Amino acid sequence: MWVPGARIPSRLTLSAFTRAGRFCVVNSVAARWKDVPAENCRGLYDFHPQLESDVGFVKASSRLYKSRSETKRYVTSPRLAETMVRMLRGKRKAGQLILECNPGPGILTRALLESGARVVALESDKSFIPELKSLGNSVNGRLEVIYCDFFKLDPRSHGIVTPPVMTSDMLFQYLGMKAHPWKKGFPLKVVGILPVKTERNTLWKILHDLYSCSSVYKFGRAELNLFISEKECRKLTANPQTPGLYQSLSVLGQIACGIKVLCTEPSSSFDMYTIKGQLERQRHRESLEQNLCFIQLTPHRNLFSGTLTPFNYDVFFHMLRQCFMKRNAKLIDHLPSLSPIDAVHILKQIKKHKDVRVIDMYPEDFQRLFETIECSKDDTCKWLYDEFMEDTLS
């Protein structure tokens, strides 16, 4: 059983490579490669940002934080806030902790507090903090306000990090929260709106963190409740019945999480602010017509109960991204570039016809494909790679 609190050792991370080469992963633990310089063999766990020893939660941001040109959406409709609270309540026990990302003017914050929840408000714009702290002073300690950007937790760049950029270790240590075993869940709900300009990259980062049991997922199966654009929501929930939207992100999201679309709201239900709390008009007609979907991402309890683990998830990522590069091709044509194991034998094992296309495979079929190759006893070398994928998170 995987315990997210345990530090995962450094290992080869395929997405970190940037040059072409060829190597095989032996039992997903050791690797042999050619034409890959040593300096490129850096994994996700090889670097941990350092924190200044005297850093406070209200210090000025560092050069790592590039928010001055960012525009953020905020919940400013009391009606929408009440709707969200009803959906978040569910089977929630009284007093459960809600981590609210970028609450802004605090409309949702007030509704959550009125429902009896305890709230940690992570706000990345200093101009909103005084009013939020004033609200916190009136609710007997049920609101904690922290100068932090949840979507920039645990940056992969080098250097000292200062708020609003910080590490999950720093945040959860401050909150006094310890890691929970993966199968026991985590007494925390996260609610927020994905950043407008970096929505897709943020989704990829969330999935990398989830599969690697890093960042917030190092502490347990945190439930995320997020507003994302309807376009990205349709891609995340797509399958072979919607081939034009189906992609590797769809597979990874559905294998990792139970995905529930709680509601759909027009963008007019939100206000957009620039840095320093300045209200911004929505300039483009398409942005006015764009709907946002409120989705719930609940990590599967049994995600790591089989062959897939936080140690070999990057192989699974790479397999999917390679396959979807030629989404309409037959799977049998992809397999020789992925594994030295006989392609016909693999298809028989997963009970698929030789003419099956990548786009015809459901998420569970891809998981079965990965497990079949990973568990094969016929070959010492399980995986082959002819080119390395560019890092999605760079």
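Look up: the structure comes first, before these words.
What counts, and where the lines are drawn
- Residues numbered from 1 in each chain as written.
- Predicted model: local features only at pLDDT ≥ 70, side-chain atom pairs only at ≥ 80, totals over all residues.
- Heavy atoms only, no water.
- Helix = DSSP H or I, 4+ residues; strand = E, 2+ residues; numbered from the N terminus.
- Buried < 20%, exposed > 50% of the residue type's maximum accessible area, 1.4 Å probe, protein only.
- Salt bridge = Lys/Arg side-chain N within 4 Å of Asp/Glu carboxyl O.

## A short note on the environment of K260
Thinking step 1. Residue position: K260 is located in strand β11 (residues 257-266).
Thinking step 2. Relative accessible area serves as the criterion here: at 47%, K260 is assigned to the partly exposed category.
Thinking step 3. Residues K260 and I295, 35 residues apart in the sequence, show an inter-C-alpha distance of 5.5 Å.

## Details of the pattern of salt bridges
Thinking step 1. Under the counting rule described, the total for this entry stands at 12 salt bridges.
Thinking step 2. Across the pair D355 and K330 runs a salt bridge, and its minimum N-O distance is 3.2 Å. Of this pair, D355 sits in the loop between α11 (343-349) and α12 (363-374) while K330 sits in the loop between α9 (313-325) and α10 (331-338), and the two are 25 residues apart along the sequence.
Thinking step 3. Its relative accessible area of 36% is what places K330 among the partly exposed residues.
Thinking step 4. The partner of D365 in a salt bridge is R368, with the nearest N and O atoms 3.0 Å apart. Separated by three residues within a single helix, D365 and R368 lie in helix α12, roughly one turn from each other.
Thinking step 5. Residue classification places D365 among the buried positions, given a relative accessible area of 7%.
Thinking step 6. With a relative accessible area of 33%, R368 lands in the partly exposed category.
Thinking step 7. Beyond isolated ion pairs, a larger network of salt bridges with shared partners links R200, E232 and K235.

Honestly, it's all geometry; don't read function into it.
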